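Understanding the architecture of this molecule
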Amino acid sequence: MARILHKIASPIASEGSSTKIWVLVFFTDITHFKELDKLKSDFIAKVSHEFRTPLTSMTMALDILHMEMLGKLNQEQHDIVKYVAW
């Protein structure tokens, strides 16, 4: 994997002369931090997907029950489905 560097450049003027200007450059290797950030993002995406999947299935099942596609519901069943779904 290619290294990721963060650079900071700062100009420095010489004492007594405004014509000589030096530039001080700092390089910091931030590859490890970028890798950790990617792992964190991948983990959050995976967990988010895994939580959404069963919720979608449960919502669809409740809609099927609410629309009475599998048969009539009695009043108590209808109230429970309505309470859980909304």
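Residues numbered from 1 in each chain as written. Predicted model: local features only at pLDDT ≥ 70, side-chain atom pairs only at ≥ 80, totals over all residues. Heavy atoms only, no water.

Scanning the chain from terminus to terminus reveals two helices and two strands. Helices (α) and strands (β) of the chain occur, in sequence order from the N terminus, as β-β-α-α. Scaling as 2.2 N^0.38, a compact globule of 86 residues should have a C-alpha radius of gyration of about 12 Å, whereas the chain reaches 30 Å, well beyond that. With respect to the principal axes defined by its C-alpha atoms, the chain has extents near 95 × 30 × 15 Å. Buried positions account for 5% of the 86 residues belonging to the chain. In the chain, once contacts between residues fewer than 6 apart in sequence are set aside, the share between residues at least 24 apart is 25%. For the chain, the distance from the average position of its 10 positive side-chain charges to the average position of its 10 negative side-chain charges is 10 Å. (Helix = DSSP H or I, 4+ residues; strand = E, 2+ residues; numbered from the N terminus. Rg over C-alpha atoms; globule rule 2.2 N^0.38 Å. Buried < 20%, exposed > 50% of the residue type's maximum accessible area, 1.4 Å probe, protein only. Contact = heavy atoms within 4.5 Å. Lys, Arg positive; Asp, Glu negative; His and termini not counted. Charge placed at Lys NZ, Arg CZ, Asp CG, Glu CD.)

A cluster of nonpolar residues, Leu 5, Ile 21, Val 23, Val 25 and Phe 27, forms a patch on the protein surface that exposes about 510 Å² of accessible area. Here the nonpolar patch gets four residues from one element, more than from any other, and that element is strand 2 (residues 21-29). Mapped onto the elements of the fold, Leu 5 is located in strand 1 (residues 5-13). (Patch = residues over 30% accessible without salt bridge, like charges linked within 9 Å, V, L, I, M, F, W, Y side chains within 5 Å. Areas by Shrake-Rupley, 256 points an atom, 1.4 Å probe, with all protein chains shown as cover. Salt bridge = Lys/Arg side-chain N within 4 Å of Asp/Glu carboxyl O.)

Between helix 1 (residues 31-66) and helix 2 (residues 75-85), whose axes approach to 10 Å, the crossing angle comes to 145°. Remark: the crossing between helix 1 and helix 2 carries left-handed chirality. Contacts from Leu 62, Leu 65 and His 66 of helix 1 reach helix 2 at His 78, Val 81, Val 84 and Ala 85. A per-class count over the contact of helix 1 with helix 2 returns five nonpolar, two polar and no charged. (Axes fitted to C-alpha atoms, helices over the stretch in contact; angles between N-to-C directions. Left-handed = near helix turned anticlockwise from the far one by under 90°. Nonpolar A, V, L, I, M, F, W, Y, C, P; charged D, E, K, R; others polar.)

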